[in-house]
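# Tertiary structure, described
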Amino acid sequence: MAARKRDQAEAPPARPDLLLAALSAAGLAIAAYLTWLKWTASTAAFCLSGGGCDIVQSSRYGTLLGVPTALWGALLYAIIGGLALWGLDARRWTWAFYLAAAGVGVSAYLTALSLLVIHATCAYCLASGALMLLILVGLWWHRAEAPGRRRRLASLLPGAVAAAVLVPFGAAFIFAMPPSVGAGSPEMLARHLRESGAVMYGAYWCPHCAEQKALFGEAAKELPYVECDPGGVNPRPDLCEKAGVKSFPTWVLGSERREGVQSLEALAELSKFNQPPPK
């Protein structure tokens, strides 16, 4: 105990790690840009409209706990960058290392989803994952430079592995949760929308239309959907032109009009949906 206190007392003050701060700043810029794209439903620069970036962003995995998934990445980059600028002493280095391990785990999980489930990739997302991996490697490479850092690999692995596994597992659990519609269900809401005269105008190639349908899951087949592109299945471009549709998806219910992806709660409120009480 006395030796540990003496080592801590003799440890020089930690200096800012400008390299890790720069990597974190680059990751923060990418994550913030992806967050802005998600909130504004815009197409990423250097990516084709309806391409991989749009498909990934508009998938159900583009939102986590009601906010863009990229926003969580931006927060993680900001924290690691702040720790690097503050100076990585033993405690701050450990926190940064575990956070970076969690970030790498989540990036690997999301990359696997994009390849195996969404079947599309986003260059910005891949770049963000690469930056997080570089941050983790950089932290490990500079571990001996952190004042007071004497812990060995064996003592660091359990926490790092736990962070890299448990955080993605938690995200997967949240993604697997069925969407809620107040006290109702997506299937009942879809039928109610059809019966109330609501119409969803879209196009088969539109990633945001795919995201809107994904919110309903298996109940998407019940939606009152009108295909606007002549190349789609059962197209009715005449109805879309008559309705003055300019962007996809567009919801029309009586005199009410909504453009862009709508949450199930918003559609329930728009159509005055109330689930009948159970018998």
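What this report covers is the structure whose coordinates are included nearby. The numbering scheme is per chain: residues are counted from 1 as the chain's sequence reads. At least 70 in pLDDT is required for a residue's local features to be given in this predicted model, at least 80 for side-chain atom pairs to be given and counted, and no such filter applies to totals for whole chains, interfaces and linings, which use all residues. Calculation of side-chain values draws on the structure's entire complement of heavy atoms; hydrogens and water are dropped beforehand.

Before going further, it helps to spend a moment on the overall build of the chain. Numbering of helices and strands starts at the N terminus; helices are DSSP runs of H or I of at least 4 residues and strands are runs of E of at least 2. In terms of regular secondary structure, the chain is built from 11 helices and 6 strands. The cut-offs for exposure are 20% and 50% of the maximum accessible area for each residue type, with area from a 1.4 Å probe on protein chains only; residues under the lower value are buried, those over the upper are exposed, and the others partly exposed. The 279 residues of the chain split such that 40% are buried. Taking all contacts inside the chain whose residues are at least 6 apart in sequence as the whole, residues at least 24 apart take part in 74%. A total of about 15800 Å² of accessible surface is found on the chain, and carbon and sulfur atoms cover 64% of it. When checking whether two residues touch, look at their non-hydrogen atoms; a contact exists if any pair is within 4.5 Å. Here, Shrake-Rupley sampling with a 1.4 Å probe gives the accessible areas, and only protein chains in the shown set may cover a residue.

What follows is about helix α5 (residues 90–118). In this model α5 runs 40 Å from its N-terminal to its C-terminal C-alpha over 29 residues, within 8% of the 42 Å that 1.5 Å per residue would give. Note on α5: the residue one or two positions beyond its end, H119, has a positive phi of about 60°. Here, expected helix span is obtained from the residue count minus one, scaled by 1.5 Å.

Salt bridges are identified by distance alone: a Lys or Arg side-chain nitrogen within 4 Å of an Asp or Glu carboxyl oxygen. In the structure shown here, the tally under the stated rule is 5 salt bridges. With a closest N to O distance of 2.8 Å, R236 and D238 form a salt bridge. R236 gets classed as partly exposed once you look at its relative accessible area, which sits at 38%. Of the residues examined, D238 reaches a relative accessible area of 39% and is grouped as partly exposed. We note a salt bridge from E256 to R258, for which the minimum N-O separation is 3.0 Å. The exposure class assigned to E256 is partly exposed, which follows from its relative accessible area of 35%. Given the relative accessible area of 32%, R258 is considered partly exposed.

Here the focus is the pairing of strand β6 (residues 256–259). Note: strand β5 (residues 250–253) against β6, 4 bridges, orientation antiparallel. Directly across from T250, in β6, lies its bridge partner E259. For two strands to pair, DSSP has to find at least two bridges joining them. The turn joining β5 and β6, which pair antiparallel and follow one another in sequence, is formed by 2 residues; a positive phi near 65° is taken by G254.

The contact between α5 and helix α6 (residues 123–141) brings their axes to 9 Å, and the two run at 150°. When the axes of α5 and α6 are compared, the pair comes out roughly antiparallel. Crossing handedness for the pair α5 and α6: left-handed. Between α5 and α6, the residues in contact are W93, A96, F97, A100, A101, G103, V104, S107 and T111 and L126, G129, M132, L133, I135, L136, L139 and W140, respectively. All amino acids are sorted into three groups, where Ala, Val, Leu, Ile, Met, Phe, Trp, Tyr, Cys and Pro are nonpolar, Asp, Glu, Lys and Arg are charged, and the leftover types, Gly among them, are polar. Taken together, the residues of the contact of α5 with α6 sort by class into 13 nonpolar, 4 polar and no charged. Here, axes are lines fitted to C-alpha atoms. For helices the fit covers the stretch in contact, and angles between N-to-C directions go from 0 to 180 degrees. Each angle gets one of four labels, with under 35 degrees taken as roughly parallel, over 145 as roughly antiparallel, 65 to 115 as roughly perpendicular, and the rest as oblique. Here is the rule for handedness: rotate from the far helix to the near one, and if that takes an anticlockwise turn smaller than a right angle the crossing is left-handed, while a clockwise turn gives right-handed.

So, about the packing of aromatic side chains. Ring pairs shown here join Phe, Tyr and Trp side chains whose ring centres sit within 6.5 Å, with only the six-membered ring taken for Trp; geometry is labelled stacked below 30 degrees between planes, edge-to-face above 60, and tilted in between. Enumeration according to the criterion identifies 8 aromatic pairs in this entry. Residues W93 and F97 carry aromatic rings whose centres are separated by 4.9 Å and whose planes lie at 10° to one another, so their mutual orientation is stacked. With W93 and F97 both in helix α5 and 4 residues apart, this pair spans about one turn of that helix. Take W93 and F97: they sit in the same class, and that class is buried. Ring geometry for W205 against F248: centres 5.8 Å apart, planes inclined by 70°, an arrangement best described as edge-to-face. Here F248 lies in the loop between α10 (237–242) and β5 and W205 lies in the loop between β3 (199–202) and α9 (207–216), a separation of 43 residues in the sequence. Feature note: the residues W93, F97, Y98 and W140 constitute an aromatic cluster, connected by ring pairs. Directly above the aromatic system of W86 lies the positively charged group of R92, at a separation of 4.1 Å from the ring centroid. Note on criteria: charge over ring means Lys NZ or Arg CZ within 6 Å of the ring centre, with the direction from the centre no more than 35 degrees off the ring normal.

It is worth spelling out the sheet that holds β6 at this point. Through backbone hydrogen bonds, the strands of a sheet pair up, either in parallel or in antiparallel fashion. Read from one edge of the open sheet, 4 strands run β4-β3-β5-β6, paired in mixed fashion. The open sheet has two free edges, formed respectively by β4 (225–227) and β6, since each of these has just one partner strand. Strand-to-strand twist in this sheet, taken as the mean axis angle between neighbours without regard to direction, amounts to 20°. Those strands touched by α9 are β3, β4 and β5, and its axis lies near 145° from that of β3.

We now examine the state of the cysteines. When two cysteine sulfur atoms lie within 2.5 Å, the pair is treated as a disulfide. Under the defined criterion, the tally for this structure stands at 1 disulfide. Bridging C228 to C240, the disulfide has an S-S length of 1.9 Å. Between C228 and C240, the S-S torsion sits near -90°, and that sign places the bridge as left-handed. On the criterion of sequence distance, the pair formed by C228 in the loop between β4 and α10 and C240 in helix α10 is long-range, its members being 12 residues apart.

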